[in-house]
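Fold and contact review
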Amino acid sequence: METKNEELERNLTFDDQVIAKIAGITASQVPGIISLDGNMLSEFTDKLTQGNDQTKGIEAQVGEKQVALKLAVTLEYGKSAETVFTEVSDKLTQALGEMTGLKLVKFEMHINDVKTREELKENK
């Protein structure tokens, strides 16, 4: 009996928002990241909603096998920006690889503010 070996075409894809959400959750768990920050429109939207957008301040570009991420963050006062940057990059590389099989090939983190935890509590 002869069987045909037909190739099964398989394709796993991810929406940019899914990758941004993984990045947001992962980055938020790194000590020194006080918040992920968007532009004025997203800040206004947060005031109208519950402010639970885990993709705020994140741009994701997703290819078939690679990801590029850009994050805008508020750094905790007194923390080393270089240390936090390295830890976020390492954790994102690991999380994306484990959860999606995608490789982080470009990572940018822009620090647009520095705050103490007390300042953050006062602003809420």
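Residues numbered from 1 in each chain as written. Predicted model: local features only at pLDDT ≥ 70, side-chain atom pairs only at ≥ 80, totals over all residues. Heavy atoms only, no water.

**Quick notes on helix H3 (residues 81-100)**
Which entries qualify depends on this criterion: Note on conventions: DSSP H or I runs of at least 4 residues are helices, E runs of at least 2 residues are strands, and numbering of each starts at the N terminus. A helix is expected to span 1.5 Å for every residue after the first. For every residue, the accessible area (1.4 Å probe, protein chains only) is compared with the maximum for its type, and the residue is labelled buried under 20%, exposed over 50%, or partly exposed between those bounds. The arc in question is traced by the directions running from the helix axis to the C-beta atoms. Note on contacts: a residue pair qualifies if any of its non-hydrogen atoms lie within 4.5 Å across the two residues.
With 20 residues, H3 should cover 28 Å at 1.5 Å per step; its first-to-last C-alpha distance of 27 Å lies within 8% of that length. Within H3, the full set of buried residues consists of Val84, Val88, Ser89, Leu92, Ala95, Leu96 and Thr100. The arc that holds every buried residue of H3, seen down its axis, measures 145°, which confines them to one face. Structural note: H3 exposes Glu82 and Glu98 on the side pointing more than 90 degrees away from its buried face. Residues of H3 that are buried make contact with helix H1 (16-28), strand E1 (33-36), strand E3 (66-76) and strand E4 (103-115). Just downstream of H3 lies Gly101, where phi reads positive at about 80°.

**Describing the confidence of the model for the protein**
Interpretation of the predicted coordinates at a detailed level should be avoided for regions scoring low in pLDDT. So the rule is basically this: Per residue, pLDDT measures the predictor's confidence, with a range of 0 to 100.
With 82% of its residues at a pLDDT of 70 or more, the protein has an overall mean of 85. The weakest mean pLDDT in the protein belongs to helix H2 (residues 40-48) at 41; the strongest belongs to H3 at 98.

**What to know about a nonpolar patch on the surface**
For the record, the criterion: Only residues whose relative accessible area exceeds 30% and that form no salt bridge enter a patch; like-charged residues are grouped when within 9 Å of one another, and nonpolar side chains (Val, Leu, Ile, Met, Phe, Trp, Tyr) when within 5 Å. In short, Shrake-Rupley with a 1.4 Å probe defines the accessible areas, and a residue's cover is counted only from the protein chains shown. Basic side-chain nitrogens of Lys or Arg form a salt bridge, by our definition, when they fall within 4 Å of a carboxyl oxygen of Asp or Glu.
Side chains of Tyr77, Ile111 and Val114 sit close together on the surface and give an oily, nonpolar patch of about 290 Å² of accessible area. Locating Val114 in the fold gives a position in strand E4.

**Here's the deal with H1**
Look at H1: 18 Å from first C-alpha to last across 13 residues, which is about the 18 Å you get at 1.5 Å a residue. Along H1, the residues that are buried comprise Ile19, Ala20, Ile22, Ala23, Gly24, Thr26 and Ala27.

**Structural notes on the environment of Lys70**
As for its placement among the helices and strands, Lys70 is situated in strand E3. Overall, the relative accessible area of 36% leaves Lys70 in the partly exposed class. For the pair formed by Lys70 and Ala20, sequence separation is 50 residues and the distance between their alpha carbons is 9.3 Å. Filtering out sequence-adjacent residues up to four positions away, Lys70 remains in contact with Gly57, Ile58, Glu59 and Glu108.

**Overview of the nonpolar core**
Test applied: Side-chain atoms within 4.5 Å link the members of a nonpolar core, which is a set of buried Ala, Val, Leu, Ile, Met, Phe, Trp, Tyr and Cys residues.
Counting residues in each nonpolar core, the largest one holds 24 residues, and the members touching the most others are Leu69, Leu71, Val88, Phe107 and Met109. Elements with a contribution of two residues or more to this core: H1, E1, strand E2 (58-62), E3, H3 and E4. If sequence neighbours within four positions are ignored, Met109 has contacts with Ile33, Leu71, Val73, Ala81, Val84, Phe85 and Val88.

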